[in-house]
Amino acid sequence: MRRIIANKAQCRKCNDIIESKVRTQRVKCSCGSIWVDGGKYYIKRGFKESKDDIIELSEFDGE
Ligand SMILES: [Zn+2]
């Protein structure tokens, strides 16, 4: 399994880059359209209106 180095994403609406650093820490962008969760344990994403608002920026080890 790939190791997560950075669990982050950018919001297409407000351009915020948000990062979840701790497991079960849900981090929202400033407009509230998207959130990231999972820290270095798992990649979890949520959104208010559309999945297309999420720009995936996560980095993995071993690629
Ligand atoms: Zn936003």
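Residues numbered from 1 in each chain as written. Predicted model: local features only at pLDDT ≥ 70, side-chain atom pairs only at ≥ 80, totals over all residues. Heavy atoms only, no water.

### Some points on the sheet that holds strand 7 (residues 54-56)
Taking strand neighbours across the sheet as the criterion, the three strands line up as 3-2-7 in an open arrangement whose pairing is antiparallel. The sheet is open, and its two edges are formed by strand 3 (17-19) and strand 7, each paired on a single side. On average, each strand axis in the sheet is tilted by 35° relative to the strand beside it, whichever way the strands run. By the bridge criterion, three bridges tie strand 2 (residues 8-11) to strand 3 in an arrangement that is antiparallel. Following the sheet pairing, Q10 is matched in strand 3 by I17. (Pairing = 2+ DSSP bridges. Helix = DSSP H or I, 4+ residues; strand = E, 2+ residues; numbered from the N terminus. Axes fitted to C-alpha atoms, helices over the stretch in contact; angles between N-to-C directions.)

### Section: the packing of aromatic side chains
The description of two aromatic rings rests on the distance between their centres and on the angle between their planes. Applying the stated criterion to the full structure yields zero aromatic pairs. In this structure, R2 is placed above the aromatic ring of F60, and the distance from its NZ or CZ to the ring centre is 3.9 Å. Directly above the aromatic system of W35 lies the positively charged group of R26, at a separation of 3.6 Å from the ring centroid. (Phe/Tyr/Trp six-rings, centres within 6.5 Å; stacked < 30°, edge-to-face > 60°. Lys NZ or Arg CZ within 6 Å of the ring centre and 35° of its normal.)

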